[in-house]
Structures are given as C-alpha cells and as structure tokens.
Amino acid sequence: MGLLALRTLKFRKASFIATFVAMFLGAAIVMACGGLMETGIRMDAQPKRLAAAPIVVTGHQTAGSDALSERGRLDAGLVDTVRSVPGVAKALPDVSFPAVVIPGGSGASDIADGDGGSTAGHNWTSASLAPYTLADGAAPEGADQVVLDRTLAERADAAVGSRVELAVQGVSHSYLVSGIVTRSGSDGDPAVFLSDDRANELTGGSVDNIGVVPGDGASVATVTAAVKEAVDGEASVLTGERLGLAEAPGALTAQRTVIILAAVFGSWAVLVVLFGVASTLGLTLQQRTREMALLRSIGTTSAQLRRMILWETSVLSVVATALAVAPGYLLGRLICSILTDSGVLSPVIAFHQGWVPMLVGAVTAILAAAGATRFAGRRAARTEPVAALADSEVRPRWFTRNRLLLALFFLTVGISLSATTLLVMENGPTLASTAGPASVFFSIGIALLAPGICAAVVAVLGGPVRLLTGLPGRLAVRNTATNPVRMASAAAPVIMLIAIATGTLYMQSTEDSVSAESYARGIGADYVLESDAGGFRSDVAGQVAGLPGVAAASAFVTSRGFVEAGSGAGGIALRGVDAGGVSRNLALRDVTGSLDALSGDTVALSTDRAEEFGVAVGDRLPVRLGDGTRSEPEVVALFAGDPDEEFLLLPAATLAPHTTAGLAEHVLVRADKDADQSALKTELASFAGELPGARVADSSTLSGSGDSIQQILVTANYTVVAMIVGYAAITVINTLVVVTRKRRREIGLSRLTGATRAQVFGMLSVEGVLISVVAVVLGTAAAATTIVPYAMVKNDSFLPSGSVGIYLAVVGGSLLLIFGGTLFPSWRGMRTPPVETVAAE
C-alpha cells in the first residue's frame with residue numbers, strides 16, 4: 001500500500017504540497033515557542049566583561065521566588081573573606097557606575113544627538129576580568145585620571161595625555177587620559193576605568209561583583225563550594241552559563257514574563273497548528289473519496305486503506321517535521337532577538353532550544369496529522385465496495401455526533417474563558433491569559449459547525465444574491481447550496497485568522513491606551529527634565545524649584561519592589577519623589593495624612609492597597625526594595641488609587657540608592673499658574689544646558705516610559721501574534737488553492753456548456769463574497785469573546801480602544817486572501833482549453 005501511495009502521488013501534488021506546508025510551518029512555530037520557553041526557564045547568560053573569572057560572587061538577584069529589579073551590592077569586606085578561601089588565587093572587586101564621555105566637553109547636545117559615549121564606568125582592577133588590554137599609556141592612579149576604551153577615545157578624539165569631560169553619576173568633571181585599552185573580542189560594551197580609590201569613593205565603598213580565579217590545580221567545583229560556604233548566604237555564587245547574570249542586574253525579572261508569554265502563545269500555536277494541519281489534511285482526504293472508492297471496488301480492504309493513509313501521512317509528517325528543525329530554531333532565535341531589541345530580555349541572555357521543544361513540535365504536527373487521518377479517512381475506509389463506488393459521486397455527510405460534541409467542547413471552553421475574564425479576573429497582568437485564548441477556542445468551535453452555518457447563510461441570502469448578480473449569482477448560489485462543506489472548508493481558516501488577529505491586536509491596543517491614559521492621569525507636572533548621562537544628582541530638583549516661574553519641582557525615581565504583608569502582598573511599582581514637590585507634580589486625589597511628611601523612612605500608598613495590606617496611616621509597611629533590601633517605612637499618607645497604575649510613593653533620597661543607577665531618572669516641574677510658559681521653557685532649557693546629557697520635554701513623554709508590566713509585552717505580543725496569524729494566513733491560502741484546483745473539472749464543464757470566462761469569474765467572485773460574509777461575521781463574533789470582556793474589565797466599555805483601521809486592515813487582508821486564493825488559481829486553470837481540463841480530470 002505504501003508503494004501504491006507513492007505511485008499515485010504525482011496525481012495529487014497540490015494536496016500533497018498543501019499538507020506538507022501546513023505540517024512543516026506548524027512544527028516550526030511550535031518549536032520556536034518551545035525554544036522561547038526553554039530560554040525563559042534556563043535564563044543562561046554568557047559573561048563578557050567578567051569572562052576571565054570562572055566564578056563570580058554577586059548580590060542576590062532573587063528574593064524567594066521573586067526576581068529583583070535592581071542590583072544588590074556587596075559589602076567591601078566580603079572581598080577579603082573570599083580571598084582567604086583555600087584554593088582562591090585572586091578575588092578581584094568589580095564596581096560599576098553611570099558614566100558618559102562628552103566629546104570636546106561641549107555639553108548635553110552632543111549626547112542627546114547620539115554623538116557622545118554613553119557607557120559605564122568601572123574600577124581599574126576589574127579590567128583584568130574583562131578582555132581588555134592596555135594598548136597605550138598607563139593605569140589610572142590619581143583621582144582625576146581615566147583609561148578609555150579605544151572606541152570611546154576615537155569618538156571623543158582623545159589620546160593619552162589629553163583631557164576629556166566625563167559625566168560620572170550626573171556630575172561633569174575633567175579627567176586626564178592616562179591610558180587606552182582595547183578589547184580582544186567584538187563582544188562587550190565600551191567602558192571607562194577610574195582608579196580604584198576614585199571608584200570606591202563614587203560607590204560608597206560597596207562592590208557589585210567579586211571575580212574569583214582559582215589557583216593552579218584547584219578545581220572550579222571545589223572552590224565554588226568553598227566560596228559558597230564562606231559567604232554563608234550573604235551573596236550568590238555564579239558559575240558556568242549563568243556567569244553573565246552578574247553583568248545584568250534585573251535580568252531575571254523577565255523570566256516570568258518570557259515563560260508566561262511562551263506558555264500562552266505556545267498553547268495558542270498548538271491549537272492553531274492542530275486545526276490547520278487537521279483541516280488541510282482532512283480536506284485533501286475528503287477530496288480523494290473517488291480514489292478510495294475505486295480501491296475498495298477492486299478488493300482493497302478497509303484495513304489496507306487505513307494502513308495506506310496512515311503510512312503516507314506518517315512519512316509526510318516525519319519528513320515535514322524533520323525539515324522544520326532548522327527553520328524552527330532560526331524562528332526561535334529571531335523571536336528572542338526581537339524581545340532583546342525591545343528590552344524584554346537582557347542582551348546577555350542566551351537563546352536555547354534543545355531536543356525537548358523540537359520533540360514537542362514534531363509530536364504536535366504528527367499527532368495532528370494522525371488525528372485528521374483517523375477522522376477524515378475512516379468513512380471511506382469502512383464503506384462497502386459497491387456502496388463506496390456509488391457514494392463517490394455524492395456529497396459527504398458533515399454532521400456527525402463526534403463533530404457536534406467536539407464543537408460544543410470548544411464553544412463551551414471559549415465562552416467559559418470569556419465569562420471568567422469578565423466576572424472573575426481582576427485587572428492585572430494575567431488578564432490576557434484568559435481573554436486571549438477565548439477567541440481561539442470559540443473560532444474552532446464555530447469552524448466545526450461552519451457547514452451548517454454556511455447552508456443557513458446561503459438559504460437566507462440566496463434570493464437577493466440571484467436578483468442582484470444574475471447568472472453568475474445563480475450558479476454561485478446553486479454551487480454553495482449543494483456543497484456547503486466546500487464553502488465551510490474555505491471559510492473556517494479565515495474565521496480563525498480574523499478572530500486571532502482582531503482579538504489580540506485590539507486587546508493590546510486597549511492595554512496600551514489604558515496604561516498610557518492611567519499613567520498620564522497620575523502626572524501633574526508640566527515639564528520633565530530627562531537625562532542621557534545616567535540621571536540627576538540629588539540637589540538638581542532643589543535648584544530647579546528656585547527658577548523663576550517654577551511652582552514646584554521633584555526628583556522622580558522608578559523601581560519595582562515587593563510588599564510582604566496582607567492578602568495583597570506581591571510585586572508593585574515604586575516611585576521616589578521629593579516631599580516638597582510631590583503634591584504639585586503628581587495628580588493624587590483624596591489624600592489623607594500628609595504628603596509633606598514623605599521623607600526619611602516613610603511611604604504613601606493608595607487606599608485600596610492599604611486595605612489589602614492591612615495598614616493605615618501611622619502603621620509600618622514591610623517592603624522589600626528593588627535590590628532586596630528589607631525596610632519597614634511608616635505610612636504617612638493615603639490617596640485614591642487607580643487599578644491600572646498602582647504604586648508606592650517613597651522619598652527619592654531613600655529609593656535612589658537602592659536602584660542600579662543610584663540617581664533620579666527625571667525631574668518633574670510644575671509651572672506657576674501665572675508663569676509665561678514660553679519664558680519658563682527657555683529658562684529650563686538654559687538650566688538643562690549646564691547639566692551633562694539633560695534636556696527639557698513635556699510631561700506626556702513620561703507616559704511612554706511608564707513602568708507598567710504590560711508595557712514590556714507590546715513587542716512580544718505583536719511578534720508572536722504575527723507569527724501565528726501568518727501561519728493562519730498560509731493555511732487559508734492552502735485551503736483555497738486546494739479547493740479551487742479540485743474544481744477544475746467543474747469549471748471546464750461549465751466552459752464547455754457555454755459559460756464564458758467572465759461568467760465563471762463572476763460565479764467565483766460571488767462565491768467569494770458569500771465566503772467573506774460568513775468568515776467576517778463569524779470571525780468578528782469569535783473575536784468579541786476576547787475583546788468585549790477584556791475592554792469591560794480594563795475601561796468599563798464594550799468597545800476596545802484603538803483605531804477602527806486595525807479591524808479594517810484585518811478584514812481587508814482576509815478578503816485579499818479569499819479572492820486571491822480563489823481567482824488566481826482559477827485564472828491559471830482557465831488558460832488550459834476546457835476539453836483538455838475535463839479529459840485530464
């Protein structure tokens with residue numbers, strides 16, 4: 001039977017190619033999502049700047065099961081502790097701090113225009129841990145000496161003996177270039193090196209990492225165990241593929257995001273692939289009814305037919321999945337690269353795709369093919385020989401008990417997820433995990449019932465269509481009425497395409513809009529000072545407050561920490577502000593207590609959060625800051641919260657030292673009500689010109705840099721959805737091409753009985769319109785199971801936020817696929833004389 005299947009393959013090349021493409025791309029997509037999952041679970045990072053140390057001691061990057069967003073620094077005394085461990089040859093401290101080389105000492109404009117050398121500063125001792133070699137000059141010794149990376153030196157037109165302007169921790173100083181270093185490899189960021197004493201002075205004596213080099217003959221494993229025992233839980237000890245995490249504080253915060261993303265969209269991909277492969281293979285087997293009937297009539301048994309179908313499907317699926325391994329890996333790397341470029345993943349995180357995701361992708365495609373083979377080929381294989389030959393000329397019966405039960409299952413799951421989103425889920429980052437899959441399940445359920453729906457639509461619209469379109473319309477209505485299964489086969493993948501694309505894009509546009517509006521509502525400032533030099537020192541906000549026309553100014557620090565109290569304990573955004581300017585620069589309503597008391601070890605939070613945490617004004621709130629430091633600030637004020645933008649307010653001077661940069665990212669400025677806005681902006685611009693890397697912007701720029709969790713998912717969502725929608729689009733084209741090519745005999749007979757090309761094209765166009773009506777209406781209904789509950793929870797509206805152009809683009813693209821996949825193959829087929837077409841068929 002296998003040899004027979006191969007010999008007949010040349011007569012069904014179109015269906016073979018369509019099935020092969022569905023399996024091949026489906027397996028590649030599932031493998032790519034699996035690779036993203038494995039990357040998120042492992043979170044391996046190859047070292048660059050610390051590559052010479054096989055062991056690195058660094059601050060904790062997790063607190064329990066929660067990842068910390070900021071670098072946890074170490075006490076300098078720990079260096080001596082590690083150095084005294086048996087087997088340790090070297091224990092070298094490493095510190096980092098914001099630093100910017102200002103070309104020619106010309107100031108902020110060069111940095112803002114991208115001509116400056118934005119980088120990080122380090123202590124000179126740590127240079128030996130990196131692939132740096134002193135190519136010219138000498139090591140920095142005095143407090144005003146610096147060693148530059150050659151790339152930075154060329155950019156700043158600096159040489160040994162010259163002086164450069166260097167903004168360190170927001171303060172500009174002139175430094176003497178004592179040396180130039182080169183990097184041995186292409187990896188790594190440009191860097192500047194100050195003397196150890198100067199670096200210690202800038203960082204307050206703490207260290208970021210300790211690079212450990214074992215002595216001769218000492219094994220890394222033995223020394224690692226001894227170092228872990230010596231640090232006694234005060235720090236993390238990294239080796240192997242996780243060494244690079246020491247260079248990327250906060251990298252682990254993306255782990256949960258990536259895992260959830262891969263799980264949600266991976267499950268979507270599996271469903272879409274199962275549906276795509278099953279529908280394509282089922283259609284091709286359905287169109288081989290006559291072939292199977294003839295085989296049965298010459299004595300082939302049902303078991304032999306089943307073996308033939310299973311054999312050819314198995315060979316096809318194995319070949320397709322084997323060839324999908326390399327594209328699946330490349331697709332996974334591409335997605336990982338996009339996530340890295342968008343800031344979701346740290347650049348040090350390495351992409352991994354082992355045999356497990358490869359196996360999952362292969363098994364998914366093979367199981368989809370096997371399932372489709374079982375259901376689609378069973379009827380032809382079981383029919384008696386005489387009945388099979390007669391039955392080959394009648395339309396297949398689509399409505400079965402199994403199909404109905406399967407359809408009800410998917411519809412029930414889709415509706416349940418939609419209802420759960422609306423009635424149970426709270427506004428938060430997990431809302432999309434129930435809203436998103438609802439449209440996928442619902443669209444599959446509708447697609448299973450599509451033949452009956454198509455028959456009903458044709459019955460309702462048949463009369464008007466015949467009246468409006470004449471002969472082509474009468475032919476189209478007759479064709480679709482007598483074969484609703486064929487019409488449903490073309491409409492089903494389009495339904496899923498519209499449902500997934502519309503539902504997900506509007507879900508994301510709603511999230512973007514709500515987050516931006518919520519963030520903007522909370523900002524009362526008129527202007528914002530931004531910095532390209534790492535941030536602003538602590539006294540800048542006070543200087544801005546003294547400028548003419550300024551009513552109030554406040555430093556603005558953002559981070560993320562954890563509350564360890566009450567039923568609402570968990571991760572939350574942290575904002576650092578100045579007590580003197582917070583009430584004017586943040587739009588806080590219904591304040592109880594005093595925001596003016598927000599200094600030292602204090603905190604302010606929303607009333608709703610206070611109830612969840614079980615605290616009131618005057619109580620202590622257990623908080624873990626972004627670097628893992630535990631604190632119990634006193635609650636001095638409560639304010640009306642916004643469920644879309646929850647945060648704790650801390651004094652900027654308290655929060656900033658517990659961030660990686662240690663500086664305020666922005667300065668908020670509220671103008672006096674009688675101030676001349678133009679004059680004030682000029683004054684602010686003049687002030688900013690005296691600061692390295694500073695510039696003035698409108699407060700609206702803050703809404704684009706808010707620290708909402710959902711914001712980092714924007715690029716990720718669009719990327720993965722584009723991949724799944726692309727697969728659905730290919731499934732649409734496959735299905736339409738297979739259906740149209742199967743009708744060549746029908747079209748040829750129509751031509752022989754007097755129908756012109758124009759009439760045939762008219763008939764196909766009307767059929768395309770009927771398919772489009774069914775697909776757009778049902779696809780929109782399926783998308784509504786995602787959009788409506790998500791929009792209701794997010795902004796109390798049945799309608800999503802976002803342009804109507806999104807919907808029009810999705811529908812327009814779907815219509816283009818329908819008519820292109822129908823008319824183009826038909827046009828190519830009609831170039832052959834109809835007599836030859838009928839004879840060939």
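**Examining the overall build of the protein chain**
Next, step 1: Helix and strand content of the protein chain: 27 helices and 24 strands.
Next, step 2: Within the protein chain, the fraction of its 841 residues that count as buried is 52%.
Next, step 3: Long-range contacts, defined here as pairs at least 24 residues apart, represent 83% of the contacts in the protein chain between residues at least 6 apart.
Next, step 4: A total accessible area of about 34,500 Å² is found for the protein chain, and carbon and sulfur atoms account for 58% of it.

**Focus on the nonpolar core**
Next, step 1: In this structure, Val277, Leu345, Ile349, Ile444 and Ile500 are the most contacted members of the largest nonpolar core, which totals 106 residues.
Next, step 2: Here this core gets 14 residues from one element, more than from any other, and that element is helix H8 (residues 253-286).
Next, step 3: When residues no more than four places from it in sequence are discounted, the contact partners of Ile444 are Leu271, Phe275, Phe410 and Met496.
Next, step 4: Residues Leu605, Val623, Leu638 and Ala652 belong to the second largest nonpolar core, which totals 40 residues.

**Description of the packing of helix H16 (residues 450-482) against helix H25 (residues 757-795)**
Next, step 1: Their axes nearest at 10 Å, the elements H16 and H25 cross at an angle of 150 degrees. Compared by their axis directions, H16 and H25 come out roughly antiparallel. Read as a crossing pair, H16 and H25 show a hand that is right-handed.
Next, step 2: Per-class residue counts for the contact of H16 with H25 are 15 nonpolar, six polar and one charged.

**Quick look at the packing of helix H17 (residues 484-521) against H25**
Next, step 1: Orientation of H17 relative to H25, taken along the N-to-C sense of each, is 25 degrees, at an axis distance of 7 Å. Between H17 and H25, the interaxial angle falls into the category roughly parallel. Regarding H17 and H25, the two cross each other, and that crossing is right-handed.

**Quick word on the pattern of salt bridges**
Next, step 1: For the structure on display, the rule yields 19 salt bridges.
Next, step 2: Residue Arg73 pairs with Asp208 through a salt bridge whose shortest N-O separation is 3.2 Å. Of this pair, Arg73 sits in the loop between strand E3 (66-67) and helix H3 (77-83) while Asp208 sits in the loop between helix H6 (196-203) and strand E12 (209-214), and the two are 135 residues apart along the sequence.
Next, step 3: Looking at Asp208, the relative accessible area reads 2%, which means it is buried.
Next, step 4: A salt bridge links Asp532 to Arg695, with the shortest nitrogen-to-oxygen separation between them at 2.5 Å. Of the two residues, Asp532 is situated in the loop between strand E14 (527-531) and helix H18 (540-545) and Arg695 in strand E24 (residues 694-698); the sequence distance between them amounts to 163 residues.
Next, step 5: When its relative accessible area of 33% is taken as the criterion, Arg695 is described as partly exposed.

**Some thoughts on the packing of aromatic side chains**
Next, step 1: Using the criterion set out here, one finds seven aromatic pairs in the structure.
Next, step 2: On the numbers, 5.3 Å between centres and 75 degrees between planes, the contact of Phe409 with Phe410 is edge-to-face.
Next, step 3: Judged by its relative accessible area of 47%, Phe409 is partly exposed.
Next, step 4: The rings of Trp124, Tyr132 and Phe193 are connected pair by pair, giving a single aromatic cluster.
Next, step 5: Its guanidinium or amino end placed over the ring of Phe647, Arg575 lies 4.0 Å from that ring's centre, counting from NZ or CZ.

**Quick look at a negative patch on the surface**
Next, step 1: On the surface, Asp75, Glu229, Asp232 and Glu234 cluster together into a patch of negative charge.
Next, step 2: With respect to the helices and strands, the residue Asp232 is situated in the loop between helix H7 (220-231) and strand E13 (236-239).

**Re the sheet that holds E13**
Next, step 1: Spatially, the four strands line up as an open sheet ordered E4-E12-E1-E13, and their pairing is antiparallel. Only two strands of the sheet have a single neighbouring strand rather than two, namely strand E4 (88-94) and E13. When the angles between neighbouring strand axes are averaged without regard to direction, this sheet yields 25 degrees.

**Looking at the side chain of Glu511**
Next, step 1: With respect to the helices and strands, the residue Glu511 is situated in helix H17.
Next, step 2: Within polar-contact distance, the side chain of Glu511 engages the side chain of Tyr790 at 2.9 Å.

**As for the environment of Leu764**
Next, step 1: Residue position: Leu764 is located in helix H25.
Next, step 2: Leu764 gets classed as buried once you look at its relative accessible area, which sits at 2%.
Next, step 3: The spatial distance from the C-alpha of Leu764 to the C-alpha of Ser826 is 8.6 Å, given a sequence separation of 62 residues.
Next, step 4: Discounting residues that sit within four places of it in the chain, Leu764 has contacts with Arg743, Ile747, Thr822, Leu823 and Ser826.

**Some points on the environment of Gly762**
Next, step 1: Secondary-structure assignment places Gly762 in helix H25.
Next, step 2: A sequence separation of 289 residues divides Gly762 from Gly473, and the C-alpha atoms of the two residues are 7.5 Å apart.

**Some details on a nonpolar patch on the surface**
Next, step 1: Taken together, the side chains of Trp355, Val356, Leu359, Val360, Val363 and Leu367 define a hydrophobic patch exposed on the protein surface, amounting to about 590 Å² of accessible area.
Next, step 2: Within the secondary structure, Leu367 sits in helix H12 (residues 355-382).

**Some points on the environment of Val591**
Next, step 1: Within the secondary structure, Val591 is located in the loop between helix H19 (579-585) and strand E17 (592-593).
Next, step 2: Classification of Val591 as partly exposed rests on a relative accessible area of 34%.
Next, step 3: The sequence separation of Val591 and Ser606 amounts to 15 residues, and the corresponding C-alpha distance is 8.9 Å.
Next, step 4: In this structure Val591 touches Ala637, Leu638 and Phe639, once residues within four positions along its chain are discounted.

**Observations regarding helix H24 (residues 744-752)**
Next, step 1: Here H24 has its buried residues at Ile747, Gly748 and Ser750. All buried residues of H24 lie within an arc of 160 degrees about the axis, which places them on one face of the element.
Next, step 2: Positive backbone phi, at 115 degrees, marks Gly754, one or two positions downstream of H24.

**Describing the pairing of strand E23 (residues 666-671)**
Next, step 1: Counted residue by residue, E23 has five buried out of six residues, so it is predominantly covered.
Next, step 2: Sheet topology places E14 next to E23; four bridges connect them, and they run antiparallel. Across the sheet, Val528 pairs through a bridge with Leu668, a residue of E23.
Next, step 3: Note: strand E15 (residues 550-563) against E23, six bridges, orientation antiparallel. From the neighbouring strand, Ser554 faces E23, where its bridge partner is Leu668.

Reading the values: rules and limits
Residues numbered from 1 in each chain as written. Predicted model: local features only at pLDDT ≥ 70, side-chain atom pairs only at ≥ 80, totals over all residues. Heavy atoms only, no water. Helix = DSSP H or I, 4+ residues; strand = E, 2+ residues; numbered from the N terminus. Buried < 20%, exposed > 50% of the residue type's maximum accessible area, 1.4 Å probe, protein only. Contact = heavy atoms within 4.5 Å. Areas by Shrake-Rupley, 256 points an atom, 1.4 Å probe, with all protein chains shown as cover. Core = buried A, V, L, I, M, F, W, Y, C linked by side-chain atoms within 4.5 Å. Axes fitted to C-alpha atoms, helices over the stretch in contact; angles between N-to-C directions. Parallel < 35°, antiparallel > 145°, perpendicular 65-115°, else oblique. Left-handed = near helix turned anticlockwise from the far one by under 90°. Nonpolar A, V, L, I, M, F, W, Y, C, P; charged D, E, K, R; others polar. Salt bridge = Lys/Arg side-chain N within 4 Å of Asp/Glu carboxyl O. Phe/Tyr/Trp six-rings, centres within 6.5 Å; stacked < 30°, edge-to-face > 60°. Lys NZ or Arg CZ within 6 Å of the ring centre and 35° of its normal. Patch = residues over 30% accessible without salt bridge, like charges linked within 9 Å, V, L, I, M, F, W, Y side chains within 5 Å. Lys, Arg positive; Asp, Glu negative; His and termini not counted. Charge placed at Lys NZ, Arg CZ, Asp CG, Glu CD. Pairing = 2+ DSSP bridges. Polar contact = N/O pair within 3.5 Å; in protein donor to acceptor, adjacent residues only side chain to side chain. Arc of directions from axis to C-beta.

Read these as spatial facts, not as claims about activity.
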